[in-house]
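So you can see what is in the structure, the chains are spelled out below.
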Amino acid sequence: MRTVTYLQAINEALDEALAQDEQVFLLGEDIGVYGGGFGATSGLQEKYGKQRVRDTPISESAIAGAAVGAAMTGMRPIMELQFSDFITVAMDQLVNQAAKIHYMYGGKANVPLVMRTAAGSGTGAAAQHSQSLENWMAHIPGLKVIQPTTPYDAKGLLHAAIKDNNPVMFYEHKLLYQTEGVVPAESYTIPIGVADVKRVGNDVTIIATGIMVSKSLAAAEIVKEKGISVEVIDPRTLVPLDEETLLTSVEKTNRVIIATEAVKNSGFSGELVSIIAESKISLKLKAPIVRLGGEFVPMPAQKTLEAHAIPQIDSLVQAVEQLMKEVDN
Amino acid sequence: MKQVTVKEEPTTSIDELEALKKMWQIRIFEETLQELFDAGELYGTMHLCIGQEATAVGGASLLNESDWIVSTHRNHGHCIAKGTDIRSMFAEMLGKKTGTNEGKGGSMHIADLAVGNLGSNGIVGAGFPIAAGAALSAQMQGTKQVVLCYAGDGATNEGSFHEALNLASIWQLPVIYFIENNQYGMSSSIEQMVNIEKLSERGKSYGIQGITIDGNDLSVVSNTVSKAVKKARNGGGPTLIEALTYRHKGHSKSDKLKYRSDDECRQWQEHNDPILRLEKKLLEHNEITSKGIRQLEQSIRQEMADLVASVKLDDEPTKADLWTHVYAEEKI
Ligand SMILES: Cc1ncc(C[n+]2csc(CCOP(=O)(O)OP(=O)(O)O)c2C)c(N)n1
């Protein structure tokens, strides 16, 4: 089987979508010769021309708004925001316009746009370039929110996002771009709203999003030595959320850890806790739910501080062990 | 509140020998960063302003200490010119507790309020309204301070530019919007991104005087800024300055420079380097000798190397520092 990077997987999906559908076009800052902030659009302008792979001025509000207008009128724009933090500049267009139009117009208009962006910390770029704000978007009815963690998921879910008739926010993690995985060479879609069991286990369920998925898998390997079997669930799409897969796993293990890079406070992990708490499964939990997330601080630039600001493999290992202990007692 | 005392006028003619020294400090500071980066000793990102030293020194260094600058991601020149401690800047870049921002800001956020540096910004265009606000504060408090707001050409396409200019104009704020038109915003050439000849023309839509100048000629820059400062300080309101310049290096570390020709870059480096131009002028007027220039450069190289060596011994922040400064202390 063929192995490619997460970055290549995204590039391939864009390439295939541009080839398959004349209405698809890309717009964003430096997506042409530069190949996009992280290289995801590399080579595409050469292949599809400046009309369909369109460099824009540094004008996020205009980019998002133009995507909304084009999407309402027959095109399928894919906009790139270089860093997910810049969503703040495009917020009105995404939150008040893109998300609302289909509903507000009584279903008479669709806004089939995709917003691709790079999120997360780990590059020392500090507080304005390292945030995980995906859960903001998950709070807005009308938007779909995808957070793929493997090259395979990235390609399949991006295809699904492009085909979807709604505005879809597609969060890529900068540290995942160079990770490799098996990816089919042909085009395929993964349905939006289906979680993936990334590892099967019996003792503890870790529901992890984004970069926390790979950290959870690493932690699971470590505790395996101690005879603890961890199941790792990757929701993949925050909205719509596959509650069934999450709850099925929790029902099996009765012990839950939720891990996100985004700060815990008022975040998506709280939503997951609520879903579990509100289901009957909560009565069978052998220990309180444990939540690991970003500290409630802006992301610092300095390397060791930055690492302390989000959960690391160690903290996951500790949490699993603690959870097992509490149950034994 | 800090008591502000202000000299009524800035120095109108810049001390060119002093300016040359500062320009070399900026350049060698950045060359040193590049070496540290290449050696894997510098974590994070950085945006070099090599080739743009005249706009920094001809602008920020003209101000009084109590005046403010607002800077961008391409900030080192502005910060040094405004008097930010170079040692602390190295320390910030190297992730030390002794850094300007105690390690929390890194390259793009260097700030030093004690010398009038309101900070650098990772968000393109975010500085325009902040500068208007600082100018409003000076106006409301009657301090006679002025604000010099640096930004790139690309930043003038953000909505924040237009909104801030309008505010500055209707309120006649003491702010100078200084656009360093280095021809590119990352890979996008300004010609492809705006459909007007001069960015300074944009001032007209807001009732602000706009002027385009040669940004690599130190005295042109300093004279222009000087006039704008005088006007702002005397209640004459904002000015928009567009200074034509060039960045010799790529946008940041990952730039493969595929969007511009080597030839174009060489032209600017060889014939329009602000440092070389100033040296030529000083040599012609016998204000310095070639030997003097080499000595100046050498001593700055030594100074920077010594600073880095000493900064390396500084402590890094500890885990406990992660939670400090999230909120300011409560007022009693
Ligand atoms: C709101 C926002 N959009 C995009 C970026 C990414 N970015 C950083 S610098 C830059 C180019 C800025 O160009 P310009 O304003 O001309 O300044 P220069 O880099 O040339 O000094 C871009 C696109 C950002 N930091 N913030």
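Residues numbered from 1 in each chain as written. Chains lettered and ligands numbered in written order. Predicted model: local features only at pLDDT ≥ 70, side-chain atom pairs only at ≥ 80, totals over all residues. Heavy atoms only, no water.

Enquirer: In this structure, what is going on with the overall build of chain B? I would like to understand it.
Expert: In terms of regular secondary structure, chain B is built from eleven helices and seven strands. Over its C-alpha trace chain B gives a radius of gyration of 19 Å, about what one expects of a compact globule, namely 20 Å for 332 residues. Taking the principal axes of the C-alpha coordinates as reference, chain B spans close to 60 × 50 × 40 Å. Across chain B, contacts joining residues at least 24 apart in sequence account for 75% of those joining residues at least 6 apart. Accessible surface for chain B amounts to roughly 14500 Å². Of this, 51% is attributable to carbon and sulfur atoms. (Helix = DSSP H or I, 4+ residues; strand = E, 2+ residues; numbered from the N terminus. Rg over C-alpha atoms; globule rule 2.2 N^0.38 Å. Contact = heavy atoms within 4.5 Å. Areas by Shrake-Rupley, 256 points an atom, 1.4 Å probe, with all protein chains shown as cover.)

Enquirer: Explain the pairing of strand β6 (residues 209–214) of chain B here, please?
Expert: Successive side chains on a regular strand alternate, one facing one side of the sheet and the next facing the other. Bridge analysis of β6(B) against strand β7 (residues 239–244) of chain B gives six bridges, and the strand direction is parallel. If you follow Gly210(B) over to β7(B), its bridge partner there is Leu240(B). (Pairing = 2+ DSSP bridges.)

Enquirer: Any chance you could explain the site of the ligand here in plain terms?
Expert: Surrounding the ligand, one finds 21 residues, the nearest of these being Glu60(A), His73(B), Gly122(B), Gly154(B) and Tyr184(B). Chains contributing residues to the immediate surroundings of the ligand are chains A and B. The backbone of Asp153(B) places a nitrogen or oxygen atom 3.2 Å from an oxygen atom of the ligand. A distance of 2.7 Å separates an oxygen atom of the ligand from a polar backbone atom of Gly154(B). (Near = heavy atom within 4 Å. Polar contact = N/O pair within 3.5 Å; in protein donor to acceptor, adjacent residues only side chain to side chain.)

Enquirer: Is there a simple way to think about the pattern of salt bridges in this case?
Expert: When their charged atoms lie close together, side chains carrying opposite charge are able to pair. All names here are of chain A. One pass over the full model with this rule turns up 29 salt bridges over all chains. Close ionic contact of arginine 236 with aspartate 153 constitutes a salt bridge, the shortest N to O distance being 2.9 Å. Placement of arginine 236 in the loop between β11 (230–234) and β12 (237–239) and of aspartate 153 in helix α7 (residues 151–163) is noted, with a sequence separation of 83 residues between them. In this structure, arginine 236 and aspartate 153 share a single accessibility class: buried. Sharing partners across several salt bridges, the network here consists of Asp153, Asp196, Lys198, Asp234 and Arg236. (Salt bridge = Lys/Arg side-chain N within 4 Å of Asp/Glu carboxyl O. Buried < 20%, exposed > 50% of the residue type's maximum accessible area, 1.4 Å probe, protein only.)

Enquirer: Just checking my understanding: could you explain the sheet that holds β6(B) for this structure?
Expert: Backbone hydrogen bonds are what pair the strands of a sheet, in a parallel or an antiparallel way. Residue and element names in this part refer to chain B. Taking strand neighbours across the sheet as the criterion, the five strands line up as β1-β2-β3-β7-β6 in an open arrangement whose pairing is parallel. Each end of this open sheet is capped by a strand with a single partner; those strands are β1 (68–70) and β6. Across this sheet, the average inter-strand angle for adjacent strands is 20 degrees, counted without regard to direction. Contacting β3 (175–181) and β7, helix α6 (residues 159–170) runs over the sheet at an angle of about 150 degrees to β3. (Axes fitted to C-alpha atoms, helices over the stretch in contact; angles between N-to-C directions.)

Enquirer: Would you explain the UniProt feature "domain: Dehydrogenase E1 component" (unreviewed entry) in chain B in this entry?
Expert: In this structure's numbering, the residues bearing the UniProt feature "domain: Dehydrogenase E1 component" (unreviewed entry) are residues 22–317 of chain B. Taken end to end, residues 22–317 of chain B is 43% helix and 11% strand, and its first and last C-alpha atoms sit 30 Å apart. (UniProt positions renumbered as here; feature names shortened; annotations may be inferred.)

Enquirer: Mind showing me how you'd approach the interface of chain B and chain A here?
Expert: When the parts of a complex come together, some accessible area is lost, and that lost area is often taken as the interface size. Taken together, the 36 residues of chain B in the interface contact 33 residues of chain A. Along the contact surface separating chain B from chain A lie zero salt bridges. Where chain B meets chain A, there are 13 residue pairs in polar contact (both at pLDDT 80 or more). Class assignment of the residues belonging to the side of chain B that touches chain A gives a composition of 13 nonpolar, 16 polar and seven charged. (Nonpolar A, V, L, I, M, F, W, Y, C, P; charged D, E, K, R; others polar.)

Enquirer: Help me understand the environment of Arg202(B), please; the structure alone is not making it clear to me.
Expert: Residues and elements named next belong to chain B. The residue arginine 202 is located in the loop between α7 (190–193) and β6 in this model. Taking relative accessible area as the criterion, arginine 202 reaches 16% and is therefore assigned buried. Between the alpha carbons of arginine 202 and valine 311 there is a distance of 44 Å; along the sequence they are 109 residues apart. Ignoring anything within four residues of it in the chain, the contact list for arginine 202 reads Thr156, Asn157, Phe161, His162, Val194, Ile196 and Leu240.

Enquirer: Sorry, what's going on with the confidence of the model for chain B here?
Expert: A low pLDDT score tells you not to read the predicted coordinates there in detail. Per-residue confidence for chain B gives a mean pLDDT of 95, with 96% of residues at or over 70. Here the prediction assigns the complex a pTM of 0.95, and the interface score ipTM is 0.94. (pLDDT = per-residue confidence, 0-100.)

Enquirer: Hey, could you run me through helix α11 (residues 290–311) of chain B in this one?
Expert: In an α-helix, one turn spans 3.6 residues; hence positions three or four apart end up facing the same way. Residue and element names in this part refer to chain B. The end-to-end C-alpha distance of α11, which contains 22 residues, comes to 32 Å, matching closely the 32 Å that a straight helix rising 1.5 Å per residue would cover. All of the buried residues in α11 are Gly292, Ile293, Leu296, Glu297, Ile300, Met304, Leu307, Val308 and Val311. Mapping the buried residues of α11 onto a view down its axis gives an arc of 140 degrees, with all of them on the same face. Pointing more than 90 degrees away from the buried face of α11 are the exposed residues Lys291 and Arg294. Lining the buried residues of α11 we find α1 (16–38), α4 (86–93) and α10 (274–284). (Expected span 1.5 Å × (residues − 1). Arc of directions from axis to C-beta.)

Enquirer: What should I look at first to understand the nonpolar core in this one?
Expert: Soluble globular proteins: nonpolar side chains tend toward being buried together. Grouped together as the largest cluster of nonpolar side chains are 62 residues, with contacts concentrated most on Val204(A), Ile206(A), Val230(A) and Ile257(A). Per-element tally for this core: the top contributor is helix α1 (residues 6–20) of chain A, with eight residues. Ignoring sequence-local partners within four residues, the contact set of Ile257(A) consists of Val204(A), Thr205(A), Ile206(A), Ile207(A), Val290(A), Leu292(A), Leu316(A), Ala319(A), Val320(A) and Leu323(A). Core analysis: the next-biggest nonpolar cluster, separate from the first, contains 57 residues, Phe37(B), Leu48(B), Met93(B) and Leu148(B) among them. (Core = buried A, V, L, I, M, F, W, Y, C linked by side-chain atoms within 4.5 Å.)

Enquirer: What's the story with a nonpolar patch on the surface in this structure? I'm lost.
Expert: Residues and elements named next belong to chain A. A contiguous nonpolar surface patch, about 290 Å² in accessible area, is contributed by Met72, Met104 and Tyr105. Examined against the element boundaries, tyrosine 105 turns out to sit in the loop between α5 (101–104) and β5 (114–119). Under the relative-accessibility criterion, tyrosine 105 is labelled partly exposed at 39%. (Patch = residues over 30% accessible without salt bridge, like charges linked within 9 Å, V, L, I, M, F, W, Y side chains within 5 Å.)

Enquirer: Explain empty space enclosed by the protein to me, please; I cannot follow it from the model alone.
Expert: To locate leftover empty space, one rolls a probe as large as a water molecule over the atoms. Summed over all chains, the structure comprises four cavities of 30 Å³ or more. Taken as a whole, the largest cavity encloses approximately 80 Å³ of empty space. In terms of lining, the largest cavity is formed by 14 residues, of which the most central are Glu134(A), Gln147(A), His173(A), Gly210(A) and Ile211(A). If you tally residues by element for the lining of the largest cavity, the top one is strand β7 (residues 168–173) of chain A, at three residues. When the residues that make up the lining of the largest cavity are grouped by side-chain class, the tally is five nonpolar, six polar and three charged. The space that makes up the second largest cavity amounts to roughly 50 Å³. Lining the second largest cavity, in full, are Pro57(A), Ile58(A), Asp153(B), Gly154(B), Asn157(B), Gly185(B), Ser188(B), Ser189(B), Ile190(B) and Met193(B). Only β5 (188–189) and α7 of chain B provide two or more residues apiece to the lining of the second largest cavity. Within the lining of the second largest cavity, the residues separate by chemical class into four nonpolar, five polar and one charged. (1 Å grid on protein atoms, 1.4 Å probe; cavity = no way out; pocket = protein on both sides within 12 Å on 5 of 7 lines; lining within 4 Å. Points joined across faces, edges and corners; volume = space filled by probe spheres on them.)

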